[in-house]
Amino acid sequence: MRYFLAVAEAGSFSRAADRLGISQPSVSQQMRDLETGLRVPLFQRRGKRILLTPRGLIFQEHARSVLRQLENFMQELNSEPGQLRGALHLGVVPVLNVPLVPNLLGLFTADHPAISVIVEEISSTEIETALEEGRMDVGLGFLTRHSPNLRYERLCTDEFALIVSESHPWSKRRMIPLTELHQQRVLQLPDSFVMRRMTDALCRNHQVRPRMIAEINAIETLLRSLAPLQAAALMPKIALRGREGLKLKAIRLKGKKLGLDIGLLRLSDSSANSAVAAFTSLAQKVVPKMIRS
């Protein structure tokens, strides 16, 4: 199954062999044996590229699931009583990475030193896809509830605010009606970000059209650009947590539907994974306190 998944991802027997550290003929023979045993064709050639047949796509989905369950089973067998082992692959949306992940990782690894953690900063859409394909164990992001195959659990609610530098003309204001943003200078994320689509919807609902000065696909760069460009940004208040050195301020907005849910995303059957269960339990206790503080 691991050889099969490597070939499916690489689209080539030779590239899969290189990644696996074995010979190409060995991979090819294993795949022929697999097709013979299953009595169905799994691969089809398109020029030099190897693609999956419709039945191969079905097998790919189940192979990922079976391997994930087997790895969980082996973790349980090899663990010491009272100690969890294994790996946890966490996906987090960019705006939450700096505010939440460092403290969460510190607490999690202190409690479970035998679990290795991989953190990947990607978009909400990519997290959902990775979870469904078995390439990721749990996600931390905004609850879009797009996929019927995933479980969305709200941890807390934050609010959109107007983020400005201390030198901005509005920095002393305590609250700003969202309608005042019409034709005001703003920096925005690309529309591939869920957060950008949320802010666009807010502006449409309030019938305002800010003047976009620049579109930047990195949260840190966008925030650091606010002062030099004398612009503002619509972002959740939590975006400033852990970034106090940037000398930015979150000004409350007056408007409708400014809240957004932050929470965990995982497969519906992920409760069998002890590492996911442990991380979920920690996040449920810690993240709401982080938001309140």
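The rules behind the values
- Residues numbered from 1 in each chain as written.
- Predicted model: local features only at pLDDT ≥ 70, side-chain atom pairs only at ≥ 80, totals over all residues.
- Heavy atoms only, no water.
- Phe/Tyr/Trp six-rings, centres within 6.5 Å; stacked < 30°, edge-to-face > 60°.
- Helix = DSSP H or I, 4+ residues; strand = E, 2+ residues; numbered from the N terminus.
- Buried < 20%, exposed > 50% of the residue type's maximum accessible area, 1.4 Å probe, protein only.
- Lys NZ or Arg CZ within 6 Å of the ring centre and 35° of its normal.
- Axes fitted to C-alpha atoms, helices over the stretch in contact; angles between N-to-C directions.
- Parallel < 35°, antiparallel > 145°, perpendicular 65-115°, else oblique.
- Left-handed = near helix turned anticlockwise from the far one by under 90°.
- Contact = heavy atoms within 4.5 Å.
- Salt bridge = Lys/Arg side-chain N within 4 Å of Asp/Glu carboxyl O.
- Pairing = 2+ DSSP bridges.
- Right-handed = clockwise from strand over helix to strand, strands pointing away.
- Patch = residues over 30% accessible without salt bridge, like charges linked within 9 Å, V, L, I, M, F, W, Y side chains within 5 Å.
- Areas by Shrake-Rupley, 256 points an atom, 1.4 Å probe, with all protein chains shown as cover.

**Q** What is the right way to look at the packing of aromatic side chains in this model?
**A** A complete count under the given rule lists four aromatic pairs for this structure. Taking 5.7 Å as the distance between ring centres and 70 degrees as the angle between the ring planes, the aromatic pair formed by F13 and F43 counts as edge-to-face. One end of the pair, F13, is in helix 2 (residues 13-20); the other, F43, is in strand 1 (residues 43-46), and 30 residues separate them in sequence. When sorted by exposure, F13 lands in the same class as F43, which is buried. A ring pair is formed by F108 and F279, whose centres lie 5.7 Å apart and whose planes are at 75 degrees; its orientation type is edge-to-face. Placement of the pair is F108 in helix 5 (residues 94-111) and F279 in helix 9 (residues 274-292), with a sequence separation of 171 residues. One Lys or Arg, R173, reaches over the ring of W170 and ends 5.4 Å from the middle of that ring.

**Q** Got a minute to help me understand the packing of helix 5 against helix 9 in this structure?
**A** Pairs of packed helices are described in terms of their axes, by the angle between the two and the distance that separates them. The N-to-C vectors of helix 5 and helix 9 enclose an angle of 125 degrees; their axes lie 10 Å apart at closest approach. It follows that helix 5 is oblique to helix 9 by the angle criterion. With respect to the hand of their crossing, helix 5 and helix 9 are arranged in right-handed fashion. Within the contact between the two elements, helix 5 uses P99, L100, N103, L104, L107 and F108 and helix 9 uses A275, A278, F279, L282, A283, V286, V287 and M290.

**Q** Explain the pattern of salt bridges here, please?
**A** Oppositely charged side chains may form a pair once their charged atoms are brought near each other. In total, this model carries eight salt bridges according to the counting rule given. Where R266 meets E153, a salt bridge forms, and the shortest distance between an N and an O atom there is 3.1 Å. Note that R266 is positioned in strand 12 (residues 259-267) and E153 in strand 6 (residues 150-165), a separation of 113 residues in sequence. On the basis of relative accessible area, R266 is assigned to the buried category, the value being 6%. With relative accessibility at 15%, the residue E153 sits in the buried group.

**Q** Whenever I open this one, the pairing of strand 2 (residues 49-52) confuses me. Can you help?
**A** For a regular strand, the rule is simple: side chains alternate between the two faces of the sheet. In strand 2, alternate side chains face the same way, and those of I50 and L52 are buried while those of R49 and L51 on the opposite face are not. With antiparallel pairing between neighbouring strands as the criterion, strand 1 and strand 2 make up a hairpin whose turn holds two residues, including G47 at a positive phi of roughly 70 degrees.

**Q** How should I be thinking about the pairing of strand 9 (residues 211-215) in this particular structure?
**A** Sheet topology places strand 8 (residues 185-188) next to strand 9; four bridges connect them, and they run parallel. By the bridge assignment for strand 9, V186 is matched with M212. In the classification by handedness, the crossover that spans strand 8, the intervening helix 7 (residues 194-205) and the parallel strand 9 is right-handed.

**Q** Can you help me understand the environment of L265 in this one?
**A** Positionally, L265 belongs in strand 12. Residue class for L265 comes out buried when judged on its relative accessible area of 2%. Dropping the residues within four chain positions of it, L265 is found in contact with E128, L131, V138, G139, L140, G141, F142, L143, R151 and Y152.

**Q** What am I meant to see in the side chain of S12 here?
**A** For S12, the position within the fold is in the loop between helix 1 (2-10) and helix 2. Taking relative accessible area as the criterion, S12 reaches 8% and is therefore assigned buried. If we skip the residues at most four places from it in the chain, S12 touches V7 and I50.

**Q** So what exactly am I meant to see when it comes to a nonpolar patch on the surface here?
**A** On the surface, L70, F73 and M74 cluster together into a nonpolar patch covering about 270 Å² of accessible area. Mapped onto the fold, M74 is located in helix 4 (residues 54-78).

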